[in-house]
Amino acid sequence: IKPFFEDIDFAVAHNASFDRNVLRACCARHKITFPDVDFRCTMKLFRRVFKLYPTNLPAVCKNFNISLQHHDALSDTLACAQIMIEILKKVESGP
C-alpha cells in the first residue's frame, strides 16, 4: 500500500476516523507500517463549511447532485473526492 500514500498532501475520507482505524488495524494485522499521512474528513468539513445536516454520504452527495452507488468502493471514493473539491471551492471563495 505504500505507493498509494507517497507524494500526497493528505488522504480524504467521509467519516475519516473510521477509515483511518480500519487502515491502522489492517496494517497492524499484516505487520505493515501505518502510513504517515494526514487524513481529512469530508463529513466534518461539510458540517463546518456548509453548516448543513444530515451529513451521511448519500445526503451530502444529494446536496451536490453527485452520483452515488453507496457502499460501492469506487463510487464512494469518487463521490468523496468530488465533495472535497466542493468544500475547497467554497473555502477558497470565502463566505
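These notes cover the structure that comes with them. (Residues numbered from 1 in each chain as written. Predicted model: local features only at pLDDT ≥ 70, side-chain atom pairs only at ≥ 80, totals over all residues. Heavy atoms only, no water.)

1. Quick look at the pattern of salt bridges
Enumeration over the complete set of coordinates arrives at 2 salt bridges. For aspartate 38, the salt bridge identified is with arginine 40, shortest N-O distance 2.9 Å. The exposure class assigned to arginine 40 is partly exposed, which follows from its relative accessible area of 31%. (Salt bridge = Lys/Arg side-chain N within 4 Å of Asp/Glu carboxyl O. Buried < 20%, exposed > 50% of the residue type's maximum accessible area, 1.4 Å probe, protein only.)

2. Thoughts on the nonpolar core
Judged by nonpolar contacts, Leu45, Phe46, Leu57, Val60, Cys61, Phe64, Ile66, Ala79, Ile83, Met84 and Ile87 together constitute the single largest core of 11 residues. Looking at this core, the elements with two or more residues in it are helix H2 (42–50), helix H3 (57–64) and helix H4 (73–93). Ignoring sequence-local partners within four residues, the contact set of isoleucine 83 consists of His14, Thr42, Leu57, Val60, Cys61, Phe64 and Ile66. The next biggest cluster of nonpolar side chains, apart from the first, holds 9 residues, and it includes Ala16, Cys27, Phe39 and Cys41. (Core = buried A, V, L, I, M, F, W, Y, C linked by side-chain atoms within 4.5 Å. Helix = DSSP H or I, 4+ residues; strand = E, 2+ residues; numbered from the N terminus. Contact = heavy atoms within 4.5 Å.)

Spatial relationships are all this shows, so hold off on functional conclusions.
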